[in-house]
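# Structural features, examined
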Amino acid sequence: MATTAKENSKPAQDVLLRVEGLTKIYDGTVKAVDDVSLTVTKGEIFALLGGSGCGKSTLLRMLAGFEIPTKGKIFLANQDITNLPPYQRPINMMFQSYALFPHLSVWENVAFGLKRDGMPKDEIAARVEAMLSLAQLNKYAKRKPHQLSGGQQQRVALVRSLAKRPQLLLLDEPLGALDKKLRETTQLELVNIIEEVGVTCVLVTHDQEEAMTMASRIAVMSEGYFLQVGAPDAVYEMPNSRQVADFIGNVNIFDGVIEEDEADHVTVRCAECVHYVGHGVSGHSGMAVGVALRPEKIILSKEKPKGDYNWCAGEVIEIVYFGAHTTYHLKLDSGKVIKAQELNNTRDLSFGLTWGDRAYAQWNDLAMVVLTQ
Amino acid sequence: MAKNQGLLNKLLDGRNAVIGVPYFWFLLLAAIPLLIVLKISLSEMEGTQVSNMIDWREGWPKLTLNFSSYQFILTDSLYIKTYLSSIKYALITTLLCLVIGYPFAYFMARSPKHLQPMLLMLIMLPFWTSFLLRIYAWKTLLVSNGVINNILMSLHIIDAPLAMMNNSFSLLLGMVYSYLPFMILPLYANLSKLDLRYLEAAADLGTSPFKAFWLITVPLSKAGIIAGSMLVFIPAVGEYVIPELLGGSSTLMIGRVLWDEFFSNYDWPMASAVAVVMILLILLPMAVYNKSQAELSEGKS
């Protein structure tokens, strides 16, 4: 279920990174990372997604070797590297603020790691040139980091961490320092370079868009443990808990009770409406559940829909225009406020709805997810 | 509005006043005294008075420049020897201060944040006692029948007192002791600002902590090293009190020559010339260095 075409297209591959029961406790009490286990296969881009303080950075720093785990083991290509210092691990990291050495030129920054390995001079030169052309930075080789733009610095940081051909590349908020417009182009550049090199990545981010576009698998983290691990579309369309549904994107959650529980459908009675879900769920009638419904899956209209299921009525209390779409806040008769997102597919934006109008929200029977947790 | 502003108003304008203060300060306390010294060095003694550089004869000024003091400095080998010796002692002092001060500043910057103010206080603690008293105290420690020799002799570690006083050892000891804080403070200020992520990045790229120190920490603290070295080297070259009290007659320092010219020989032009040459000796290499650094940081390399 939790696989995508991206993963299926590749043959079964060996596990590169295996983490077992990794735990980090600060000051004896604060659990930053709580019994995390995960496996990453070769060539995968694995994203750790979560808000600040969820432990994703601590987990990444343990993989890099900057933090010593309180408990648990880290295996890289079946070798226990839990207690190796960072400078002996075949892992390189791209730092959040890039951490480019300010006293060295771009060329020297990229060559830094290679020189430490005692590689012959001509080989270093060849490798650095190759790396710089990969990032289209050849003409900036002699510049100091502070003479580059943010996007250029980011590419230097990336190729510096790739220069040693690490088995595993760690990316700490790789696009965090860039502005929104630059992010989109840089994101693609980054993925292209990573795929060209074919390196396995673990990526840390708080930005769900960044995680979804770059990663082949996402782990949603909270309070030190994984809430859900899966492909981006699986995590988005099939969240396994309220927390995940809430964290990834916008969501309306209706509280209700399962009425009919059949193999091919269930109905959930809520205060606002009755949901008819067009597939079976693992539950029983009478069970209290949440029904998660994404705003973009709701269709608004002024006319009352036919049928008894999957619609509700309310008053438009807020209209937020985003350009490509508009979000309407609908106050239902029960007092609950839901969000509905309408695509602005014509230039006539009025959509017939304005503040104070009574509107009907409807959705189809495969639009929602029944949350039993 | 701007039209109505008179010249006085312009001068008292907040922006100009703020910028003006340091200029005024520099003019009053650095430029004018230096020019006076320069003027005296180009005069000669007339009895107990320094000759006037400008005579007024029949309403016309007559400028007399007297270079005899400079000629004397260049021809008398004693002065050249003393200059070289001063620079040598100042360089050794700077180097020793750096060797002792760098680890000190490094561990201060790395120590827990709540301890740092206390450590900083300890560095500045000696300043609470008079400089002269502290130098004098060293004298009582170092002389032949001083505290150190007495202890070592009573413990039978040595038979005869060590000659620790009135030689280059006592001179350098006093200089390093006095100037060490001036090395540590700028180094500490610099090292405490070092971004530890650079060291993590170095470790990540396969650099052992020892190598990372030399490849990252030291180059990145260059500004602190230079600032500290300047703060030690410049006053050390012209130091008078320490050579006078601890150096004895064998250690040549230009500060003492200066003092002698002023207060023993009453030859003010000569003394001023000695001072001017000293300033040039220090300033010129500094200016050249500064210029090259400025060009380097602009990326003209």
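The subject of this paragraph is the sheet that holds strand β17 (residues 325-332) of chain A. Residues and elements named next belong to chain A. An order of β15-β19-β16-β17-β18 is seen for the 5 strands of this open sheet, with the pairing classed as antiparallel. The strands lining the two open edges of the sheet, one partner per strand, are β15 (299-301) and β18 (337-343). Looking at each pair of strands side by side, their axes are set apart by 45° on average, direction ignored.

Right, let's get into the environment of Thr58(A). Residue and element names in this part refer to chain A. Topologically, Thr58 is positioned in helix α2 (residues 56-64). Take Thr58: there are 22 C-beta atoms within 10 Å of it, and that puts it in the buried class. Each C-alpha atom, one on Thr58 and one on Cys312, is 44 Å from the other, the two residues being 254 residues apart in sequence. If we skip the residues at most four places from it in the chain, Thr58 touches Lys24, Ala32, Val33 and Glu67.

Contacts between chain A and chain B engage 19 residues on the former and 14 residues on the latter. Secondary structure elements with two or more residues in the side of chain A that touches chain B: β6 (91-94) and α3 (106-116) of chain A. At 3 residues, α3(A) tops the list of elements feeding residues into the side of chain A that touches chain B. Taken together, the residues of the side of chain A that touches chain B break down into 9 nonpolar, 5 polar and 5 charged.

A word on the confidence of the model for chain A. Per-residue pLDDT for chain A averages 87, and the proportion of residues at 70 or more is 95%. Here residues 1-12 of chain A is modelled with pLDDT under 50, and outside its nearest four sequence neighbours on either side it reaches 13 contacts, counting other chains as well.

This paragraph deals with the domain arrangement of chain A. All names here are of chain A. Per the domain assignment, the segments making up chain A are domain 1 (5-243) and domain 2 (250-371). The straight-line distance from the C-alpha centre of domain 1 to that of domain 2 is 39 Å. In this assembly, 4 residues from domain 1 lie in contact with 5 residues from domain 2. Considered class by class, the residues forming the side of domain 1 that touches domain 2 number 2 nonpolar, 1 polar and 1 charged.

The next point concerns the nonpolar core. Formed by 106 residues in total, the largest nonpolar core has its most connected members in Ala47(A), Leu48(A), Val110(A), Leu170(A), Val202(A), Leu203(A) and Val220(A). It is α3(A) that provides the largest number of residues to this core, a total of 6 residues. Each of two domains, domain 1 (5-243) and domain 2 (250-371) of chain A, supplies a minimum of three residues to this core. Apart from residues no more than four positions distant in its own chain, Leu170(A) is found in contact with Leu60(A), Leu63(A), Ala64(A), Ile91(A), Met93(A), Met94(A) and Val202(A). Counting residues in each nonpolar core, the second largest holds 44 residues, with Met165(B), Leu171(B), Val232(B) and Phe233(B) among its members.

Procedures and definitions
Residues numbered from 1 in each chain as written. Chains lettered and ligands numbered in written order. Predicted model: local features only at pLDDT ≥ 70, side-chain atom pairs only at ≥ 80, totals over all residues. Pairing = 2+ DSSP bridges. Helix = DSSP H or I, 4+ residues; strand = E, 2+ residues; numbered from the N terminus. Axes fitted to C-alpha atoms, helices over the stretch in contact; angles between N-to-C directions. Buried ≥ 20, exposed ≤ 12 C-beta atoms within 10 Å, placed from the backbone. Contact = placed C-beta atoms within 7 Å. Nonpolar A, V, L, I, M, F, W, Y, C, P; charged D, E, K, R; others polar. pLDDT = per-residue confidence, 0-100. Domains from an automatic or database assignment. Core = buried A, V, L, I, M, F, W, Y, C linked by C-beta atoms within 7 Å.

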